[in-house]
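A structural walkthrough
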Amino acid sequence: MNVFLLYLLLLKATVSAFSGMTVIPVMRDELVVKHHAITDEQLNTAIVIGRSTPGPNGLHVVCVGYFAAGYPGALAGLLALLTPAALAIPLLRFLQAHQEGRRMRSAIHAVVVASVGLMVGTAYDLSASALTTPAAWGVAAVALVVLVASRIDTVWVIAAAALAMLVLSWFLPGLAV
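I will try to describe carefully the structure that is included in this document.

**Topic: a nonpolar patch on the surface**
- On the surface, Leu163, Leu166, Val167, Trp170, Phe171 and Leu172 cluster together into a nonpolar patch covering about 640 Å² of accessible area.
- Inspection of the secondary structure puts phenylalanine 171 in helix α7 (residues 154–171).
- For phenylalanine 171, a relative accessible area of 65% gives the class exposed.

Spelled out as structure tokens, the structure:
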């Protein structure tokens, strides 16, 4: 894939999202569905790497760039991740000057609602390639309950789910893999 095109697609994802995980629906649509630059499995792997390593929120964008085009793609992902931050201060000054308007508040609310819808749809699509066994469904259900019902950090839940799948694959290989 052309690295400049990759940068533009990742920039589109990072600019149109207002938090780390909301870039995933846009990245999946552009890089998995439309351009076939990466697979759902690679996107899942990038998310896990990004969420389980220390560093900025959104590090998965760099991993996606790497999966799509190697080291030049990782650099394109890094630049796409940093570009919106460079634009944040002028944007915040604009929003601060116009935040009292009812239209601005409605627009911000609409963006938040749309982001939630995109994330739910993408989670459904990604789960199809990740949840292929009864054990995976069970571990995912337990992880969801833990995330919703407790204040345990996501990284620890991911680590525990990975460990649970590893242990299940050792003791029940037909059920877990």
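And the narrative resumes.
**Digging into the packing of helix α3 (residues 40–52) against helix α5 (residues 102–130)**
- One way to put it is that α3 packs onto α5 with a least axis distance of 9 Å and a crossing angle of 105 degrees. The angle between the axes of α3 and α5 places the two elements in the roughly perpendicular class. Facing α3, whose interface residues are Asp40, Glu41, Leu43, Asn44 and Ile47, α5 presents Asp125, Leu126, Ser129 and Ala130.
- Here the contact of α3 with α5 is built from residues that sort into 4 nonpolar, 2 polar and 3 charged.

**Observations regarding the packing of aromatic side chains**
- Applying the stated criterion to the full structure yields 3 aromatic pairs.
- Members of the aromatic cluster, joined through ring pairs, are Tyr66, Phe67 and Tyr71.

**Some words on the side chain of glutamate 30**
- Tracing the sequence through the fold places glutamate 30 in helix α2 (residues 24–34).
- Taking the relative accessible area as the measure of exposure, glutamate 30 reaches 6% and is therefore buried.
- The contact partners of glutamate 30, leaving out residues within four places of it in the chain, are Leu9, Lys12 and His35.

**Details of the nonpolar core**
- Counting residues in each nonpolar core, the largest one holds 27 residues, and the members touching the most others are Leu10, Met27, Leu43 and Val64.
- Listed by contribution, the elements that provide at least two residues to this core are α1 (3–15), α2, α3 and α4 (60–98).
- Residue contributions to this core peak at 9 residues, all from α4.
- Among residues more than four places away in sequence, those in contact with methionine 27 are Leu10, Ala13, Val32, Leu43, His60, Val61 and Val64.

Conventions we followed
Residues numbered from 1 in each chain as written. Predicted model: local features only at pLDDT ≥ 70, side-chain atom pairs only at ≥ 80, totals over all residues. Heavy atoms only, no water. Patch = residues over 30% accessible without salt bridge, like charges linked within 9 Å, V, L, I, M, F, W, Y side chains within 5 Å. Areas by Shrake-Rupley, 256 points an atom, 1.4 Å probe, with all protein chains shown as cover. Salt bridge = Lys/Arg side-chain N within 4 Å of Asp/Glu carboxyl O. Helix = DSSP H or I, 4+ residues; strand = E, 2+ residues; numbered from the N terminus. Buried < 20%, exposed > 50% of the residue type's maximum accessible area, 1.4 Å probe, protein only. Axes fitted to C-alpha atoms, helices over the stretch in contact; angles between N-to-C directions. Parallel < 35°, antiparallel > 145°, perpendicular 65-115°, else oblique. Contact = heavy atoms within 4.5 Å. Nonpolar A, V, L, I, M, F, W, Y, C, P; charged D, E, K, R; others polar. Phe/Tyr/Trp six-rings, centres within 6.5 Å; stacked < 30°, edge-to-face > 60°. Core = buried A, V, L, I, M, F, W, Y, C linked by side-chain atoms within 4.5 Å.

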